[in-house]
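Structure assessment
Residue-level listing of the chains:
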Amino acid sequence: MKEKKTKIIIGTVVGILLLLALIFLLIKGCVKEYTVTFDSNGGSSVESIRVKENEKLTKPKDPTKTGYHFKGWYYNEELFDFDTKITKDLTLIAYWDANGIELESYQLSLLVGATKKLEILSLPEGITAKDLIFKTSDESILTIDQNGNIKALKEGKITVTINTKDGKYSTTCEIIITKEKIEVESLSITGSSTITVGSSIKLEVTLNPSNATNDKLTWTSSDPSIATVDENGRVKGIKEGTVTITVKTENGKTATKTITIKNAQKPNGGNNQPTTPPSNPTTPSTVAVSGVEISGGNSTMTVGDTGKLTATVTPTNATNKKVKWSTSNNNIVSIDQDGNIKATGKGEATITVTTEDGNKTATFKITVKEKESRYELHLTKIKMEGLDGVTYQYQFRITKDGASFTDYKGFTLNGTNYLKTSTSSTVASTDVKNSNTATIGLVDGSTKTLYVMID
C-alpha cells in the first residue's frame, strides 16, 4: 500500500513538471522579438540585434570611421536612450564629428635614404599642426621632426605615433623601409560597401607584398554622378545608385569595390521615442552644422597649376551646407566659389572655407613654386673637310624656354667641358642623341639640366 502511494506521488510530481514545461514553452513561443538595425553612416559595420518585447537593448561596440569621432546612435534625430524598452523594429543611425587626426596614408613604404612629409588631411576642431607631437618607435631606423618630415635611415619596420599635446587624440602610421624597389603583386580594398547620399567614407588599400615601395595609387569611379572618389580614396555619395570604385598601381595592378549609395533613412515616429536630448539638439526640420573639412587638393603646386578643393560639411544631414571660399593671398593662389584653385605666383597662401550656418571654418595651406625653366642645347650637324678627310661636328646654340640664351659660363656634354665662346663654336663629333641631357653652368654659379635637341 505504501509503495503504491509513493508511485502515485511521483507520477503527480512528474505530471506537474511536464505541465509547467509545456506552459513555459507556450509562453516562450508567444514572446515577441524585434530587430534593431544599425546604420553606421559610412563607418564600420555593426550587426543587427534581436531584442525581446519590452526588454532593453544592449549597446553594441562603437563603430569607427577614419578621421571622425563617433557621437552616438540617433533615432528620429535624437540621441537614443539605451534604457528605452523595445516595442517594435528600429533603425538607429550613427552620427559623426570630423574631429579626429586624419592622415593621407596610415601605411607607407620607403627606400633607405628617402625623405617624405607625413601628410595630415584634417585635425580636431581647435587643434593646429603646432599642437601635434610626432614620435618614432625606433630612431635608428627612421627619424621624424615636429613638422612631420621623415627620413629613412636603414631597413626595418617602425610605427610613427601622432598625439595632440592635450593627449585627447592620437593616431599611428606604419612605415616599412627597404633597400630596393619592390613592386606591387596584388592589392585589395577594405571599407564600408554602403553609404548615404551626402556622406563620405575613406577606403583603405592593402598591398601585397606589404613592403612594396612602388605604392602610388590612382582612384576612379565608374559613375561620378552617383559617387566620386578623390586621390586619397575618399568616396562621397552624390545620389542613389551603385558604382564600382577602382584603384590602380603604377605597375598596372588593380582592385575594385562595389559601393551602394542610399538616401538617409528617416525612421517613422512612434511610442518608442528616446528621452535623452543630443549634445547639440536639433529638430528634424533644422539640423545645425557641426563642422567642415577640406579635401582633394595638393599642398604643393607650381605657378600655372590648377586644381579643385572640396568642402565636406558635417553632419551629413545638415540643413544648410552652403560655404564660402577665400584665400589669404590672391596673388599666390586664387579660388572661386566652386572651389577651383589656380597657382598664380610663388609663395605660400592659406585657403579658408567658412560655412554659412554656424560660421565653422577649415583651412588648407598651399606652397607654390616657380615653374622650372627649360634649357636646351640645339645641335646642327656640319660637314668638316681637312687633311684627315671628312669629319663631322655639331654647331650649337642654347635656348631658355624657347628663346636664345647666352647668360652662361659653359656646359658639359658626355664628360667634355665646353666654355662659352660664340654661337659659331662647334662641339666635337660624339655619340649624341636627341633627348640626351647635358649640364649647363650659369653665371650665378648654379647648374641646370640641359636637354639635347638635334636640329
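Small disclaimer: the values here were computed from a predicted structure and weren't measured.

Now for the side chain of aspartate 81. Examined against the element boundaries, aspartate 81 turns out to sit in the loop between β4 (78-79) and β5 (90-97). Side-chain polar atoms of aspartate 81 contact the backbone nitrogen of aspartate 83, separated by 3.0 Å.

So, about the packing of aromatic side chains. Applying the stated rule across the entire model yields seven aromatic pairs. Between tyrosine 74 and tyrosine 95, the ring centres sit 4.0 Å apart and the planes meet at 15 degrees, which makes this aromatic pair stacked. Of the two residues, tyrosine 74 is situated in strand β3 (residues 69-75) and tyrosine 95 in strand β5; the sequence distance between them amounts to 21 residues. Exposure remark for tyrosine 74: the relative accessible area of 4% places this residue in the buried category. On the numbers, 5.4 Å between centres and 70 degrees between planes, the contact of tyrosine 375 with phenylalanine 405 is edge-to-face. One end of the pair, tyrosine 375, is in strand β33 (residues 375-386); the other, phenylalanine 405, is in the loop between β35 (403-404) and β36 (408-413), and 30 residues separate them in sequence. Here tyrosine 375 and phenylalanine 405 have matching classes, each one buried.

With that settled, the discussion passes to the sheet that holds strand β13 (residues 156-164). In spatial order, the strands read β7-β14-β13-β10; together these four strands make up an open sheet with mixed pairing. Taken across any chain shown, the strands that pair with only one partner, and hence form the sheet edges, are β7 (107-111) and β10 (132-136). Strand-to-strand twist of the sheet, defined as the mean angle between neighbouring strand axes without regard to direction, takes the value 25 degrees. Sheet topology note: the β10/β13 ladder contains five bridges and is antiparallel. Note that in β13 the partner of isoleucine 133 across the bridge is asparagine 163.

Moving on: the environment of leucine 187. Here leucine 187 lies in strand β15 (residues 186-190). Assessed through its relative accessible area of 12%, leucine 187 is described here as buried. Here leucine 187 is in contact with Val205, Thr206, Leu207, Leu217, Val247, Thr249, Lys253, Thr254 and Ala255, once residues within four sequence places are set aside.

The next subject is unusual backbone geometry. Going from threonine 314 to proline 315, the amide bond is cis rather than trans, its omega being -5 degrees. Mapped onto the elements, proline 315 comes out in the loop between β27 (310-314) and β28 (323-327). Even without being glycine, asparagine 54 reaches a positive phi, approximately 70 degrees. Positionally, asparagine 54 belongs in the loop between β2 (49-52) and β3. A positive phi angle, close to 55 degrees, is found at aspartate 401, a residue other than glycine.

In this model, the chain carries a mean pLDDT of 81, and residues with pLDDT of at least 70 account for 84%. The model gives residues 266-285 a pLDDT under 50, and that stretch makes 45 contacts with residues more than four places away or in other chains.

Attention now moves to the pattern of salt bridges. Enumeration according to the criterion identifies seven salt bridges in this entry. The partner of arginine 50 in a salt bridge is glutamate 33, and the shortest N-O contact between them spans 3.6 Å. Taken together, the positions of arginine 50 in strand β2 and glutamate 33 in strand β1 (residues 33-39) put the pair 17 residues apart, joining distant regions of the chain. On the accessibility criterion, arginine 50 (51% relative accessible area) is exposed. By relative accessible area, glutamate 33 is classed as partly exposed at 37%. One salt bridge in this structure joins lysine 202 and glutamate 204, with 3.9 Å as the shortest N-O distance.

On to the sheet that holds strand β19 (residues 217-221), then. With respect to topology, four strands assemble into an open sheet ordered β16-β23-β22-β19, the strand pairing being mixed. Edge strands, defined here as strands with exactly one partner in the open sheet, are β16 (194-196) and β19. Put simply, the sheet's adjacent strands are angled 30 degrees from each other on average, direction ignored. Pairing analysis gives three bridges linking β16 to strand β23 (residues 254-262), with the strands arranged parallel. Note that in β23 the partner of isoleucine 195 across the bridge is isoleucine 261.

Procedures and definitions
Residues numbered from 1 in each chain as written. Predicted model: local features only at pLDDT ≥ 70, side-chain atom pairs only at ≥ 80, totals over all residues. Heavy atoms only, no water. Helix = DSSP H or I, 4+ residues; strand = E, 2+ residues; numbered from the N terminus. Polar contact = N/O pair within 3.5 Å; in protein donor to acceptor, adjacent residues only side chain to side chain. Phe/Tyr/Trp six-rings, centres within 6.5 Å; stacked < 30°, edge-to-face > 60°. Buried < 20%, exposed > 50% of the residue type's maximum accessible area, 1.4 Å probe, protein only. Pairing = 2+ DSSP bridges. Axes fitted to C-alpha atoms, helices over the stretch in contact; angles between N-to-C directions. Contact = heavy atoms within 4.5 Å. pLDDT = per-residue confidence, 0-100. Salt bridge = Lys/Arg side-chain N within 4 Å of Asp/Glu carboxyl O.

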